[in-house]
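# Fold and contact review
Next come the chains, spelled out residue by residue.
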Amino acid sequence: ALLFITVYTADGFYEFVEDHCVFNSTKLDDIEYIRSYYYNKLEYTRFSSSVGKYVGYTEYGVRNAEYWNKDTGNLAAMRAAKETYCLNNVGNDHEAAL
């Protein structure tokens with residue numbers, strides 16, 4: 001799986017966003033793109049290409065998911081990330097592993 005993390009810290013609090021691709025082969029149907037939002041190690045919102053929208057896991061995360069799911073442009077970009085972000089990188093990682 002590919003993993004990229006963005007970290008934000010201020011006054012001892014820890015927030016980060018994790019993008020990763022889960023795959024069994026290089027076929028687009030076998031790839032899942034996931035973007036997770038964390039605050040102090042607790043995941044509060046996630047986008048999964050399998051679900052096709054944001055899902056909230058905390059009260060704050062649910063509010064974020066509702067707001068972000070209304071933004072059709074952002075949602076379309078997140079849905080496209082499976083192909084634009086994962087597909088090429090998964091091919092490289094799969095080839096290197098073999």
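The name given to the protein in an unreviewed UniProt entry is MHC class II antigen, and the organism recorded there is Scophthalmus maximus.

A word on the pairing of strand S4 (residues 42–48). For S4, a buried count of 5 out of 7 residues is recorded, marking the element as mostly surrounded by other parts of the structure. Summarising the sheet, strand S3 (residues 31–39) and S4 pair through 6 bridges and their orientation is antiparallel. For Ser36, the partnering residue across the bridge sits in S4 and is Arg46. Where S3 folds back onto S4 in an antiparallel hairpin, the turn is made up of 2 residues, including Asn40, whose phi is positive at roughly 50 degrees. Two strands pair when backbone bridges link them, and S4 and strand S5 (residues 53–56) are joined in this way by 4 bridges, in the antiparallel orientation. Looking at the pairing, Arg46 lines up with Val55 of S5. Count of turn residues in the S4/S5 antiparallel hairpin: 4 residues, of which Gly52 carries a positive phi of about 85 degrees.

Thresholds applied
Residues numbered from 1 in each chain as written. Predicted model: local features only at pLDDT ≥ 70, side-chain atom pairs only at ≥ 80, totals over all residues. Heavy atoms only, no water. Buried < 20%, exposed > 50% of the residue type's maximum accessible area, 1.4 Å probe, protein only. Helix = DSSP H or I, 4+ residues; strand = E, 2+ residues; numbered from the N terminus. Pairing = 2+ DSSP bridges.

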